Amino acid sequence: MSINATLLIQMIAFMLLIWLVNKVLWAPLSKLMEDRQKKIADGLSAAEKGKHELELAEQKAKDVLKDAKTQAQNILGQAEKRGSEIVEDAKVKATEEAGRIKASAQAEIEQEVSRAREGLRKEVSSIAISGAEKILGKEVDAAAHNDMLETLIKSI
Amino acid sequence: MGTVEYIQHHLTNNSIGEGFWTLNIDTIVVSLILGALIVFVSARLGRQLSTGEPGGFQNFVESILDFVATNVRDAFPGHNPIIAPLALTIFIWVWLMNFMDMIPVDLFPYLFQLITGDSHAFLKIVPTTDLNTTLAMALTVFVLIIFYSIKIKGVWGFTKMFLFHPFGKFFIPVNIVMTFIEEISKPLSLALRLFGNMFAGELVFLLIALIGGTLAVGAAALFWAPLQIILDLGWLIFHLLVITLQAFIFMVLTIVYLGMAHDESH
């Protein structure tokens, strides 16, 4: 029961054990637990970050989609405008063409008319001369009555 | 063998040497074996540590570590890397040494006597029922208290604590005596509390063991033996609580005393 040298041995053993426990148990295990805690915290913050990024990406996707829609609308509008322009253009061109064709046809007709008139005129003058010859019973000098003939032809 | 002899025999250490230079072999060997066990198991665990999912045993050890760390955080104000390992060592080692009390009181002495062939060989396998063990730990803690008191408060601060505490500058002689008693009572109460509890616990186990042993003769054993078993079981369960509590108290008080040593205003 008495205090003896065992005390000294036990003190040394105790100090040694503290040192050893720190070395083989406390230090590695507490470091490990700290590491794990850090890992968990990192994982959580990473998850939070991921969530945030997902939100951003969703927002971005929405924006892009909206942009695309507007652009599509624009293109569609432009195409419509262009289409109606083309149609308008075609109409104008067609009208011009029609006008041109009409004009040329008219010109041809007029030409035809004037040609016919010319022919008619010559015929009329010859008929008139031959009629007059018959009436007068003699040859009419075309040159002498040229003035009269001219006025006759012109009156036709 | 009489009752008194039986008890005395069980409460005597197996020792060699004379006077102060006596070594209690059983105390030293058992406590060293238990210390070695802690180191060995820790080292084995250390090789298979994993940051991921901890296995069963690692989980268990981690929860003990966490428990100790929580206590240190709660009761220790400053930062000192030695406190937590110290507290952990105290808790595990004291608990294991106390746990030797749970082994049937006659088992190891009987085996030891068989092995040595000496029917009167002494063996006391609970190191904490030896005042040397508890006082050794308490004194080590005391040395740390003094060391850190002086380190944190300085020599003058430490002296001032003796001169002006607790009654101010007009009661310096009284203060010196009071502070001296206060400081000395720390290791003494630590050592004696643990020793007293474990010694008394062991004594009760011995008394219970006597019921079925010495008291029971012949047919009476039929009555006494079951009683002994029931009483033994009851005390075992209760004492399991006591040994844990004592290990815990020793640890917490160590933390608190060292916390006080680190408190500059004290």
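The following refers to the structure shown. (Residues numbered from 1 in each chain as written. Chains lettered and ligands numbered in written order. Predicted model: local features only at pLDDT ≥ 70, side-chain atom pairs only at ≥ 80, totals over all residues.)

1. A short note on the overall build of chain A
And then number 1: Each helix and strand in chain A was counted, giving 2 helices and 0 strands.
And then number 2: Since a compact globule built from 156 residues should have a radius of gyration of about 15 Å, the 60 Å found for chain A marks it as more spread out than a globular shape.
And then number 3: Taken along the three principal axes of its C-alpha coordinates, chain A extends 195 × 20 × 15 Å.
And then number 4: Buried residues in chain A amount to 8% of all 156 residues. (Helix = DSSP H or I, 4+ residues; strand = E, 2+ residues; numbered from the N terminus. Rg over C-alpha atoms; globule rule 2.2 N^0.38 Å. Buried ≥ 20, exposed ≤ 12 C-beta atoms within 10 Å, placed from the backbone.)

2. Quick notes on the overall build of chain B
And then number 1: Scanning chain B from terminus to terminus reveals 8 helices and 2 strands.
And then number 2: Tracing chain B from N to C terminus, the helices and strands come up as α-β-β-α-α-α-α-α-α-α.
And then number 3: Looking at chain B as a whole, 30% of its 266 residues qualify as buried.

3. Things to note about the interface of chain B and chain A
Frequently, the measure chosen for interface size is the accessible area that the parts lose on association.
And then number 1: Tallying the contact residues gives 36 residues for chain B and 28 residues for chain A.
And then number 2: For the side of chain B that touches chain A, the elements supplying multiple residues, two or more each, are strand E2 (23-24), helix H2 (25-47), helix H3 (56-75), helix H4 (83-99) and helix H6 (131-164) of chain B.
And then number 3: Top contributing element to the side of chain B that touches chain A by residue count: H2(B), with 10 residues.
And then number 4: For the side of chain B that touches chain A, the per-class residue count stands at 21 nonpolar, 13 polar and 2 charged. (Contact = placed C-beta atoms within 7 Å. Nonpolar A, V, L, I, M, F, W, Y, C, P; charged D, E, K, R; others polar.)

4. What about H2(B)?
In an α-helix, one full turn covers 3.6 residues, which means residues spaced three or four apart are oriented alike.
And then number 1: Counted at 1.5 Å a residue, the expected span for H2(B) with its 23 residues is 33 Å, and the 33 Å between its end C-alpha atoms agrees.
And then number 2: Where the residues of H2(B) are buried, they touch helix H1 (6-136) of chain A together with E2, H4 and H6 of chain B. (Expected span 1.5 Å × (residues − 1).)

5. Structural notes on the environment of B:Val242
And then number 1: Relative to the assigned elements, B:Val242 resides in helix H8 (residues 221-262).
And then number 2: In this structure, B:Val242 is in contact with B:Asn197 and B:Gly201, ignoring residues within four places of it in sequence.

6. Structural notes on the environment of B:Met97
Residues and elements named next belong to chain B.
And then number 1: As for its placement among the helices and strands, Met-97 is situated in helix H4.
And then number 2: Taking the C-beta count within 10 Å as the criterion, Met-97 has 27 such neighbours and is therefore assigned buried.
And then number 3: Considering only alpha carbons, one finds Met-97 and Leu-253, 156 residues apart in sequence, at a separation of 18 Å.
And then number 4: Every residue in contact with Met-97, bar those within four places of it in the chain, is listed here: Ser-31, Leu-34, Val-126, Pro-127, Thr-128 and Thr-133.

7. Section: the packing of H3(B) against H8(B)
Each pair of packed helices can be described by the angle between their axes along with the distance between the axes.
Residue and element names in this part refer to chain B.
And then number 1: Between H3 and H8, the least distance of the axes is 9 Å, while the angle of their chain directions is 35°. The two elements H3 and H8 meet at a crossing, and its hand is right-handed. From H3, Asn-71, Val-72 and Ala-75 reach across to H8, where they touch Met-251, Val-252, Ile-255, Val-256 and Gly-259.
And then number 2: Considering only residue class, the contact of H3 with H8 consists of 6 nonpolar, 2 polar and no charged. (Axes fitted to C-alpha atoms, helices over the stretch in contact; angles between N-to-C directions. Left-handed = near helix turned anticlockwise from the far one by under 90°.)

8. Observations regarding the nonpolar core
And then number 1: Formed by 53 residues in total, the largest nonpolar core has its most connected members in B:Ala87, B:Leu88, B:Ile90 and B:Phe91.
And then number 2: Looking at this core, the elements with two or more residues in it are H1 of chain A together with H2, H3, H4, H6, helix H7 (172-215) and H8 of chain B.
And then number 3: Take this core: its biggest share by element is 12 residues, from H4(B).
And then number 4: Residues in contact with B:Ile90, not counting those within four places in the same chain, are B:Met137, B:Phe250, B:Met251 and B:Thr254. (Core = buried A, V, L, I, M, F, W, Y, C linked by C-beta atoms within 7 Å.)

9. Things to note about the packing of H6(B) against H8(B)
Residue and element names in this part refer to chain B.
And then number 1: Interaxial distance between H6 and H8 falls to 8 Å at its minimum, and their mutual angle equals 20°. The angle between H6 and H8 falls in the class roughly parallel. Considering the relative orientation of H6 and H8, their crossing is right-handed. Where H6 abuts H8, its residues Val-141, Leu-144, Ile-145, Tyr-148, Ser-149 and Ile-152 lie against Thr-254, Tyr-257, Leu-258, Ala-261 and His-262.
And then number 2: Split into classes, the residues belonging to the contact of H6 with H8 amount to 8 nonpolar, 3 polar and no charged. (Parallel < 35°, antiparallel > 145°, perpendicular 65-115°, else oblique.)

10. A few points about H4(B)
And then number 1: For H4(B), built from 17 residues, the straight-helix expectation of 24 Å at 1.5 Å per residue is met to within 8% by its first-to-last C-alpha distance of 24 Å.
And then number 2: Summarising burial for H4(B): 15 of the 17 residues are buried, a large majority.

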